[in-house]
Amino acid sequence: MTPDFMTLAADRIRIVLVGTQHPGNIGSAARAMKTMGLHRLVLVAPEKRPNAESEALAAGADDVLASAAFHDDLASALAGCQRVLGCTARSRRVALPELTPREAAASMAGTVPQGDVALVFGRERTGLTNEELHLCHQAVHIPANPGYSSLNLAAAVQVLAYEVRMALLDRLDAAGPTEPRDPPASHEQLEGFYAQLGETLDAIDFHKGRSPDSAMRKLRRIFNRTGLDERELRLLRGVLADAQRMARLAGTGGGK
Ligand code: SAH
């Protein structure tokens with residue numbers, strides 16, 4: 001997986017706003033999307049077309065606003081989607097499996113290689129209708145304060161867009177670095193390092209008369225946990241060699 005995956009994902013993720021009442025929210029949603037690398041804004045029967053207020057709130061995201069697609073109804077806006085997730089401010093309103101934003105984002109990141117996915121947001125006053133929710137495969141609820149759970153529309157878009165970005169970045173990381181890693185340090189190389197570490201600790205008088213065994217056991221545990229490769233081990237041995245040199249200088253009075 002390469003950074004092209006991010007481009008592919010952004011091309012396949014639709015942010016669908018249904019029946020938006022305030023044009024300002026459309027602009028703020030465009031901005032929220034662009035900050036997280038998304039650009040496919042779909043507007044279903046907005047009460048008012050995007051206007052100067054939308055543009056002002058979109059800030060630099062006017063390109064997202066300008067390329068928004070318009071549809072008369074949700075079904076046509078979802079044509080060709082593999083997966084549709086409906087965001088609801090009220091938990092368990094419909095008999096749909098309910099996901100957290102994080103679960104939803106992971107599922108979307110897993111689906112984009114196969115096709116388009118849509119995240120659907122409802123009206124400011126009344127949310128999505130039951131018929132609209134029935135067009136969705138799963139519901140997404142931001143687990144907000146149960147006594148005050150309704151976020152501003154663009155704020156909800158921001159939360160979801162952020163989680164989607166994190167899920168996509170996780171996928172990129174999981175695919176691993178593209179350059180080959182250095183070979184892992186061998187048992188002998190590690191033992192050589194531990195021997196030098198022991199000598200260095202003596203040279204800098206780290207143990208101060210205590211037995212070195214317990215400290216060395218703990219240090220071995222720390223380094224063994226990290227899975228050092230050969231290059232990393234060379235770096236650490238370089239640090240130790242310098243520490244030993246400085247300790248020698250200090251011992252001969254040269255460090256004064
Ligand atoms: N009064 C409406 C709230 C709408 S807020 C209602 O009770 O449904 C506008 C849209 O933002 C919602 O339709 C939903 O898509 C999204 N949204 C707001 N708060 C949310 C939350 N806690 N979880 C998921 N989506 C939320």
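Residues numbered from 1 in each chain as written. Predicted model: local features only at pLDDT ≥ 70, side-chain atom pairs only at ≥ 80, totals over all residues. Heavy atoms only, no water.

## Describing the domain arrangement of the protein
Applicable threshold: Domain ranges listed in this record stem from an automatic or a database domain assignment.
Looking at the protein, the domain boundaries give domain 1 (4–174) and domain 2 (187–252). Each of domain 1 and domain 2 has a C-alpha centre, and these two points are 53 Å apart.

## Examining the layout of surface pockets
Our working rule: A pocket here means an open set of points on a 1 Å grid, computed over the protein atoms alone, that has protein on both sides within 12 Å along at least five of seven lines. A cavity is instead a set of points where a 1.4 Å probe fits but cannot get out; residues with an atom within 4 Å of a point line either one. Grid points are joined across faces, edges and corners, and a volume is the space filled by probe spheres set on the points. Three classes are used: nonpolar for Ala, Val, Leu, Ile, Met, Phe, Trp, Tyr, Cys and Pro, charged for Asp, Glu, Lys and Arg, and polar for all others, with Gly counted as polar.
Space inside the largest pocket adds up to approximately 420 Å³. What lines the largest pocket is a set of 24 residues, and nearest its centre among them are C87, T88, A89, S150 and L151. Class assignment for the residues of the lining of the largest pocket results in 10 nonpolar, nine polar and five charged.

## Side note on the packing of helix α9 (residues 187–203) against helix α11 (residues 230–251)
How we decide: Note on method: axes are straight lines fitted to C-alpha atoms, helices fitted across the in-contact stretch only, with angles between N-to-C directions ranging 0 to 180 degrees. To qualify as a helix, a DSSP run of H or I must reach at least 4 residues; to qualify as a strand, a run of E must reach at least 2; elements of each kind are numbered from the N terminus. Just so you know how the angles are binned, under 35 degrees is roughly parallel, over 145 roughly antiparallel, 65 to 115 roughly perpendicular, and the rest oblique. It is the rotation of the near helix from the far one that decides the hand of a crossing: anticlockwise by less than a right angle makes it left-handed, clockwise makes it right-handed. Contacts between residues were defined by any pair of non-hydrogen atoms, one from each residue, lying within 4.5 Å.
Two elements in contact, α9 and α11, have axes whose closest approach is 10 Å; the angle formed by their N-to-C orientations is 20 degrees. Between α9 and α11, the angle falls in the class roughly parallel. The element α9 and its partner α11 pack so that their crossing is left-handed. The segment α9 lies against α11, with Q189, L190, G192, F193, Q196, L197, E199, T200 and A203 engaging E230, L233, L236, R237, L240, A241, A243, Q244 and A247. Per-class residue counts for the contact of α9 with α11 are 10 nonpolar, five polar and three charged.

## Considerations on a nonpolar patch on the surface
Heads up, the condition is: To count toward a patch, a residue needs a relative accessible area over 30% and no salt bridge; like charges are then connected within 9 Å, while nonpolar side chains (Val, Leu, Ile, Met, Phe, Trp, Tyr) are connected within 5 Å. Working definition of accessibility: Shrake-Rupley area with a 1.4 Å probe, residue cover restricted to the visible protein chains. Basic side-chain nitrogens of Lys or Arg form a salt bridge, by our definition, when they fall within 4 Å of a carboxyl oxygen of Asp or Glu.
Judged by side-chain polarity, Y162, M166 and L169 come together as a nonpolar surface patch covering roughly 250 Å² of accessible area. With respect to the helices and strands, the residue Y162 is situated in helix α8 (residues 153–174).

## Digging into the sheet that holds strand β4 (residues 81–87)
Under the convention used in this document: Strand pairing is assigned whenever DSSP detects at least two bridges linking the two strands.
Taken in spatial order, the seven strands of this open sheet run β3-β2-β1-β6-β4-β7-β5, and their pairing is parallel. The open sheet has two edge strands, β3 (69–71) and β5 (98–99), and neither has a second partner. For strand β2 (residues 40–44) and β3, the ladder comprises three bridges, and the chain directions are parallel. Bridging across to β3, V42 finds its partner in A69. In the packing of α8 onto the sheet, contacts are made with β1 (13–18), β4, β6 (116–121) and β7 (138–140), and the angle to β6 comes to roughly 155 degrees.

## As for the nonpolar core
Where we set the bar: Here, nonpolar core refers to any group of buried Ala, Val, Leu, Ile, Met, Phe, Trp, Tyr and Cys residues whose side-chain atoms link them within 4.5 Å. Relative accessible area decides the class of each residue, using a 1.4 Å probe on protein chains only: under 20% of the type maximum gives buried, over 50% gives exposed, and in between gives partly exposed.
If you look at the biggest cluster of nonpolar residues, it comprises 43 residues, and the most contacted ones within it are I13, L41, L119 and F121. Per element, the largest residue contribution to this core is 10 residues, and it comes from α8. V16, V18, C81 and L128 belong to the second largest nonpolar core, which has 17 residues in total.

## Structural notes on α9
Given 3.6 residues per turn, any residue in an α-helix points the same way as the ones three and four places further on. Note the threshold: Expected helix span is computed as 1.5 Å times (number of residues minus one).
Helix length check: α9 (17 residues) gives 24 Å between terminal C-alpha atoms against 24 Å at 1.5 Å per residue, within 8%. Among the residues of α9, those classed as buried are L190, F193, Y194, Q196, L197, G198, T200 and L201. Positioned one or two residues after α9, D205 has a phi angle of 55 degrees, which is positive.

## A few points about the pattern of salt bridges
Note on pairing: side chains with opposite charge can pair once their charged atoms come close. Following the criterion strictly, the structure yields seven salt bridges and no others. R123 is the partner of E132 in a salt bridge, and the nearest nitrogen-oxygen pair spans 2.7 Å. In this structure E132 comes out as buried when scored by relative accessible area, which is 12%. For R220, the salt bridge is made with E191, and the minimal N-O distance between the two is 2.9 Å. Here R220, found in helix α10 (residues 213–226), pairs with E191, found in helix α9; they are 29 residues apart in sequence, far enough to count as distant. On the accessibility criterion, E191 (29% relative accessible area) is partly exposed. Overlapping salt bridges, with partners in common, bring together R14, R40 and D116 in one network.

## Focus: the site of the ligand
To be explicit about the condition: Here, proximity means that at least one heavy atom of the residue falls within 4 Å of the molecule or strand. Polar contact criterion, stated in full: a pair of N or O atoms within 3.5 Å, where within protein one must be able to donate a hydrogen and the other to accept it, and residues adjacent in sequence count only if both atoms are side-chain atoms. What decides whether a molecule sits in a cavity or pocket is whether more than half of its atoms lie within 2 Å of the grid points.
Contacts to the ligand come from 19 residues, most closely from C87, R125, I142, S149 and L151. Taking C87, its main chain carries an N or O atom lying 2.7 Å from an oxygen atom of the ligand. At 3.1 Å from a nitrogen atom of the ligand is found a main-chain nitrogen or oxygen belonging to T88. About the coverage of the ligand: the protein hides 93% of its 540 Å² of free accessible area. Counting atoms within 2 Å of the grid points, the majority share of the ligand lands in the largest pocket.

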